[in-house]
Amino acid sequence: DVKVTQSSRYLVKRTGEKVFLECVQDMDHENMFWYRQDPGLGLRLIYFSYDVKMKEKGDIPEGYSVSREKKERFSLILESASTNQTSMYLCASSLGGSGNTIYFGEGSWLTVV
Amino acid sequence: KNQVEQSPQSLIILEGKNCTLQCNYTVSPFSNLRWYKQDTGRGPVSLTIMTFSENTKSNGRYTATLDADTKQSSLHITASQLSDSASYICVVISRSSYKLIFGSGTRLLVRP
């Protein structure tokens, strides 16, 4: 079974703090994604990576950065957390190509106070 | 503009009853359409993937249909169970983009 693991399920951070959300997948997938999910808005793509050290901006990259130094690991970084970044963050991975199943992690609930 | 719209927004049914969830999309060019189930507080889990040439695909009590001409899909749940209570998300992928376009989901509550 494919496993996408998000290291932190629940976090509470203060405004201005730097936040790291880690994601690891164990199936040698090329593609990895970071989404945020807010009520009524569906999932929105923050960043996407199709290979090590490669990244592309999604629909809402402002205030975020990412790092992919190894194929299995994709990190989302909030350089200076703000209250409007309170959300559920979902990591996902898939094989290359558009027809493959995308597997999601369990999500990380971030509250910025 | 590429969009995916789902209806109803929420639905309550009695255990054992059937229900149908709708998904309309304007994504073009079309590659495939997916239905995901998301339990509260968990990540989405794939139910089906449908390509342009597929009209119907089943996964246990879940049956998805696709009409590529009218750009509509439905997810039919037969003999609902309490564990079916979840959000069901329709996702469409364009052939010209890696991006997934998500609907806002239908929240289903199955009552005993």
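The structure under discussion appears in the preceding block.
Undergrad: So what exactly am I meant to see when it comes to the pattern of salt bridges here?
TA: Where charged atoms from two side chains of opposite charge come close, those side chains can pair. Residue and element names in this part refer to chain A. Per the stated rule, a full pass over the model turns up ten salt bridges over all chains. With a shortest N-O distance of 3.2 Å, Asp-28 and Lys-71 are connected by a salt bridge. Linking Asp-28 in the loop between strand S3 (19-25) and strand S4 (31-38) with Lys-71 in the loop between strand S7 (65-70) and strand S8 (73-78), this pair joins segments that are 43 residues apart in sequence. The closest approach of N and O atoms between Lys-53 and Glu-69, which form a salt bridge, is 2.5 Å. Of this pair, Lys-53 sits in the loop between strand S5 (42-49) and strand S6 (56-57) while Glu-69 is found in strand S7, placing the two residues 16 residues apart along the sequence. On the basis of relative accessible area, Glu-69 is assigned to the exposed category, the value being 51%.

Undergrad: Would you mind going over the interface of chain B and chain A with me for this structure?
TA: By a widespread convention, an interface's size corresponds to the accessible area lost as its parts come together. In this complex, chain B contributes 19 residues to the contact, which on the side of chain A involves 24 residues. Between chain B and chain A, roughly 1,600 Å² of surface is buried when both sides are summed, and carbon and sulfur atoms account for 53% of that area. The interface formed by chain B and chain A contains one salt bridge. Across the pair B:Arg42 and A:Glu106 runs a salt bridge whose closest N-O atoms are separated by 2.7 Å. Counting across the chain B and chain A interface gives five residue pairs in polar contact (both at pLDDT 80 or more). Across the side of chain B that touches chain A, the residue classes break down as eight nonpolar, eight polar and three charged.

Undergrad: Please explain the state of the cysteines as it appears in this structure.
TA: Among covalent bonds in proteins, the disulfide is the one between the sulfur atoms of two cysteines. Scanning the entire structure with this criterion turns up two disulfides over all chains. Disulfide pairing is shown between A:Cys23 and A:Cys91; the S-S distance is 1.9 Å. Judged by the sign of its S-S torsion, about -75 degrees, the cystine formed by A:Cys23 and A:Cys91 is left-handed. Separated by 68 residues along the polypeptide, A:Cys23 in strand S3 and A:Cys91 in strand S9 (residues 87-94) bring together distant segments of the chain. Put simply, B:Cys23 and B:Cys90 are joined by a disulfide, and their sulfur atoms are 2.0 Å apart. The sign of the -65 degrees torsion about the S-S bond sets the B:Cys23-B:Cys90 disulfide as left-handed.

The rules behind these values
- Residues numbered from 1 in each chain as written.
- Chains lettered and ligands numbered in written order.
- Predicted model: local features only at pLDDT ≥ 70, side-chain atom pairs only at ≥ 80, totals over all residues.
- Heavy atoms only, no water.
- Salt bridge = Lys/Arg side-chain N within 4 Å of Asp/Glu carboxyl O.
- Helix = DSSP H or I, 4+ residues; strand = E, 2+ residues; numbered from the N terminus.
- Buried < 20%, exposed > 50% of the residue type's maximum accessible area, 1.4 Å probe, protein only.
- Contact = heavy atoms within 4.5 Å.
- Buried area = accessible area lost by both parts, 1.4 Å probe.
- Polar contact = N/O pair within 3.5 Å; in protein donor to acceptor, adjacent residues only side chain to side chain.
- Nonpolar A, V, L, I, M, F, W, Y, C, P; charged D, E, K, R; others polar.
- Disulfide = S-S within 2.5 Å.

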